[in-house]
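Commentary on secondary and tertiary structure
Given next are the chains, with one letter for each unit.
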Amino acid sequence: MKTRKIAVAVAMATSAALLVTGCSGGSGTQAKAKGPDFTAKISGSMVAGGFTLGDEVATSRADYAGAQLKKDNTKVTINQGNFDAQKFVAQAASGNLPDLVLMDRQYVATYASKGLIVPLDECYSAQKVTPQDHYYSSLLDDVRYSGDIYGIPQFWQPQAILLNTRVMDAAGVTADDLDTSKPDKILAATKKMYKEADGKPTTLGFDPQLPGSANMWFLAFGGKVVDRNGKPALDDPANIKALEWLQQVYEAQGGYEKAYSFGQTWDFFGAKNQFTTDQVGAGLYAQWYPNVLADFAANTSLSGVPMRGTDGKPIAAAGGSAYVIPAKAKNPAAACKWAIADTSDNAWIAAAEARLETVKKTPGKLFTGLFTGSSTADKIIKDKYLKPTGNKGFDEAINAYYEELSNPASLGSSPAGLQINTELQNAIVPVMTGKKSVKDALGDAQAAAMVAYNQAVKK
């Protein structure tokens with residue numbers, strides 16, 4: 001049976017992406033890699049890597065981008081395989097990297113500070129693209145370091161609160177009770193929906209998706225992971241308040257260890273997932289998950305509400321990937337053109353049409369939208385291709401994610417982002433299992449993160 005382990009790994013990667021990306025691009029003092037000539041005549045061959053062409057959304061866009069380079073008589077090769085952070089530095093040093101690499105945005109500031117990837121402001125200019133007119137500004141901030149843009153954003157996966165209305169109705173809980181701007185109401189709703197047998201959970205009232213989504217809860221409570229200069233801020237008072245509330249949520253459900261272990265038994269991607277089997281009342285989920293649940297819509301009572309901050313406004317901050325160009329790329333001009341084409345409106349239109357063809361050919365499948373990283377592409381897809389599915393609850397869930405796009409947010413960029421993320425993740429379990437107080441755990445994490453940050457920014 002498939003379990004939530006895969007999804008937890010996805011959530012961890014997503015949350016890590018939130019930690020290193022963001023507002024100011026960090027304050028490291030290392031020398032930046034000198035940008036290549038992106039206006040050079042494009043020819044020869046170009047190699048891309050760090051991703052796989054797993055579905056029609058990816059292949060249709062790659063086909064479109066490849067066709068643009070074919071006009072320059074340039075051959076494109078894609079070395080399919082997931083990005084390996086451990087190998088990247090060694091391969092970059094030896095020059096044994098593709099011309100273009102797709103990586104989680106969590107890595108961009110770190111590698112930019114080391115001079116392993118090049119700034120791409122001139123890449124955008126060479127392709128006559130004003131990035132702020134096409135990509136979400138918060139995602140550009142995600143890949144900004146020391147004032148320059150080092151990546152070309154691809155997907156953006158916001159997180160919202162998915163609701164199991166069948167469980168909610170049985171417990172007398174409404175959607176308003178699951179508004180994250182009212183944490184006390186969520187706690188009360190959690191207690192109403194939670195069920196157990198023989199001291200073990202059978203239904204979680206509310207699944208906050210820890211440890212992977214801790215940073216999202218920091219944001220909702222008005223906290224932050226790093227400040228605008230990229231310095232760690234793990235012990236921010238709002239972060240402490242968020243974790244103390246999360247402690248209460250888990251304590252109301254048998255404790256973190258029992259709740260987490262129960263979640264690991266879920267058939268997360270299968271027909272007997274936690275929504276079809278009523279093993280959860282509500283929880284925090286990324287935008288891709290309704291597409292999974294759509295395959296089982298007939299047995300799912302799904303709805304959704306946006307993630308909201310304490311001010312009541314919807315917020316969208318999530319992980320995603322970006323294309324980068326290594327400092328030793330052999331054909332950077334071609335890599336630039338391909339990446340810009342692959343994330344263009346035309347490419348995303350091709351992807352939406354390809355996905356709709358799949359939906360038409362698959363009985364019961366629903367089109368849940370595409371969240372692209374491009375504000376212009378998202379608007380085109382929503383206005384032209386996203387139609388009512390015929391399932392009111394799924395439409396509500398889809399709209400919850402789109403509503404969040406009105407208020408995109410970033411959690412901050414730092415050249416020590418990877419280490420900061422590690423320290424945060426290491427702090428969560430001791431807190432949730434009662435081995436450390438929230439204040440002590442985040443204080444210790446902050447101290448360790450500061451050591452990493454000071455090492456990263458020193459000359």
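Calculation rules
Residues numbered from 1 in each chain as written. Predicted model: local features only at pLDDT ≥ 70, side-chain atom pairs only at ≥ 80, totals over all residues. Heavy atoms only, no water. Axes fitted to C-alpha atoms, helices over the stretch in contact; angles between N-to-C directions. Helix = DSSP H or I, 4+ residues; strand = E, 2+ residues; numbered from the N terminus. Parallel < 35°, antiparallel > 145°, perpendicular 65-115°, else oblique. Left-handed = near helix turned anticlockwise from the far one by under 90°. Contact = heavy atoms within 4.5 Å. Nonpolar A, V, L, I, M, F, W, Y, C, P; charged D, E, K, R; others polar. Buried < 20%, exposed > 50% of the residue type's maximum accessible area, 1.4 Å probe, protein only. Arc of directions from axis to C-beta. Salt bridge = Lys/Arg side-chain N within 4 Å of Asp/Glu carboxyl O. Pairing = 2+ DSSP bridges.

Our focus in this paragraph is the packing of helix 18 (residues 417-432) against helix 19 (residues 438-457). Running from N to C, helix 18 and helix 19 cross one another at 160°; their axes reach a closest spacing of 9 Å. As the angle between them shows, helix 18 and helix 19 are arranged roughly antiparallel. Read as a crossing pair, helix 18 and helix 19 show a hand that is right-handed. For the pair helix 18 and helix 19, the contacting residues are Gln 419, Ile 420, Glu 423, Leu 424, Ala 427 and Val 431 in the first and Val 438, Ala 441, Leu 442, Ala 445, Ala 448, Ala 449 and Ala 452 in the second. A class-by-class count of the residues in the contact of helix 18 with helix 19 yields 11 nonpolar, 1 polar and 1 charged.

The next thing to look at is helix 9 (residues 183-193). For helix 9, the full list of buried residues reads Pro 183, Ile 186, Leu 187, Ala 189, Thr 190 and Met 193. Buried residues of helix 9 fall within an arc of 165° about the axis and therefore sit on the same side. In helix 9, the exposed residues that point more than 90 degrees away from the buried face are Asp 184, Lys 191 and Lys 192. Contact partners of the buried residues in helix 9: helix 8 (165-171), strand 8 (195-197), strand 9 (200-203) and helix 11 (237-251).

Looking now at the pattern of salt bridges. A complete count under the given rule lists 17 salt bridges for this structure. Residue Lys 185 pairs with Asp 177 through a salt bridge whose shortest N-O separation is 3.8 Å. Assessed through its relative accessible area of 17%, Asp 177 is described here as buried. A single network of salt bridges, built from pairs that share partners, joins Asp 176, Asp 177, Lys 182 and Lys 185.

Time to look at the sheet that holds strand 11 (residues 302-305). Pairing within the open sheet is antiparallel, and its 3 strands lie in the order 10-7-11. Every interior strand has two partners, whereas the edge strands, strand 10 (282-286) and strand 11, have only one. The mean inter-strand angle of the sheet, taken between neighbouring strand axes irrespective of direction, is 40°. In this structure, strand 7 (residues 159-164) lies alongside strand 11, joined through 4 bridges in antiparallel fashion. Note that in strand 11 the partner of Ile 161 across the bridge is Val 305. Strands strand 7, strand 10 and strand 11 of the sheet are contacted by helix 17 (residues 392-404), whose axis makes an angle of about 20° with strand 11.

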